[in-house]
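Secondary and tertiary structure notes
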Amino acid sequence: MLGPDLKAALMAEGASHVGYADVRPLPSPLRYDMPVGVSIVVALDPVAVAGVRHGPGKRYQAERARADALLARLTARAADGLKACGHLAAELPVPPSDVDTFIGSRLLPHKTVAAAAGLGWIGKCDALVTREFGSAVRPRTLLTDAPLPPAAPLLESSCGECRACADACPVAAPSGRNWRFLLPRCEFFDADACRRGTRQVARRHGLSDLVCGMCIGACPYTTMYLARACE
Ligand code: SF4
Ligand code: SF4
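To start, this report covers the structure provided alongside it. None of the values given here were measured: they were computed from a predicted structure. (Residues numbered from 1 in each chain as written. Chains lettered and ligands numbered in written order. Predicted model: local features only at pLDDT ≥ 70, side-chain atom pairs only at ≥ 80, totals over all residues. Heavy atoms only, no water.)

1. Digging into the overall build of the chain
The helix and strand inventory of the chain stands at 8 helices and 6 strands. For the chain, the N- to C-terminal ordering of α and β elements is α-β-β-α-α-β-α-β-β-β-α-α-α-α. The C-alpha atoms of the chain give 17 Å as radius of gyration, which agrees with the globular expectation for 231 residues (17 Å, within 12%). Expressed as a percentage of its 231 residues, the buried residues of the chain come to 54%. Contacts in the chain between residues at least 24 apart in sequence constitute 72% of all its contacts with a sequence separation of at least 6. (Helix = DSSP H or I, 4+ residues; strand = E, 2+ residues; numbered from the N terminus. Rg over C-alpha atoms; globule rule 2.2 N^0.38 Å. Buried < 20%, exposed > 50% of the residue type's maximum accessible area, 1.4 Å probe, protein only. Contact = heavy atoms within 4.5 Å.)

Have a look at this one:
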């Protein structure tokens, strides 16, 4: 199950986007010495995302959990398929919450591989932004030595002058500066402030998980997705 077959199988089972990335420009230990990243993206249900710009609710929390469970199944399925064809396949570790995805230089972020696979860019709020679903998405990564054809990477942000996520953030975690590929996160985003803000927001909204998402809900690419879904 390689190339188009793998992509088609994952899309048929619920993936919203699947892309292949040449990850060799990334540090070798972060990618387990593998040359190719398979990025799998699942879009969140627009009904669950509606209103999150004003604060998350239990429905949003549950929808993220649904998407993560689906991603776990899809990633395992892809790994099994690649291994059955005689290739190596390794999943990146899965942090349990958005906050824990704010990882430093020891782990490779899923969103970085998604950008390398051309599926989106990293917004000013440090979330993956896709043209079709905005940042109402959850990404996951498989690393492999299979000769999958890589897409052109997205190396620059398409946020432009937009500041909607920065204005929506209760703790001003986004600096307003645009991301570009491999720009250190600390140069455009304050992850400590976001961790703090996420805790505050989750507590205020009575959520057990560390969930915020106000920036995600405010993103115009997300709101265009929600508007299209309501048509
Ligand atoms: S605190 Fe909330 S709004 Fe601010 S960046 Fe973090 S997740 Fe986004
Ligand atoms: S709200 Fe604007 S600046 Fe923030 S990620 Fe979305 S497009 Fe980029």
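Picking up where we left off.
2. Comments concerning unusual backbone geometry
Despite not being glycine, tyrosine 32 shows a phi value in the positive range, around 55°. Looking at the element boundaries, tyrosine 32 is found in the loop between β1 (17-22) and β2 (36-43). Classification of tyrosine 32 by relative accessible area gives partly exposed; the value is 35%. Positive phi, normally seen in glycine, also occurs at alanine 172, with a value near 55°.

3. Observations concerning the sheet that holds β2
As summarised here, the arrangement of the 4 strands in space is β1-β2-β6-β3, forming an open sheet in which the pairing is antiparallel. What marks the edges here is a single partner per strand, and that holds for β1 and β3 (89-91). Averaged over all pairs of adjacent strands, the angle between strand axes in this sheet comes to 25°, irrespective of strand direction. Where β3 meets strand β6 (residues 137-144), 3 bridges bridge the pair, whose relative direction is antiparallel. Its bridge partner being in β6, alanine 90 is matched across the sheet by leucine 143. The strands touched by helix α3 (residues 58-84) are β2, β3 and β6; relative to β6, the strand with the most contacts, the crossing angle is about 20°. (Pairing = 2+ DSSP bridges. Axes fitted to C-alpha atoms, helices over the stretch in contact; angles between N-to-C directions.)

4. Details of the environment of glutamine 61
Tracing the chain through its elements places glutamine 61 in helix α3. Measuring from C-alpha to C-alpha, the distance between glutamine 61 and valine 49 comes to 9.5 Å, with 12 residues separating the pair along the chain.

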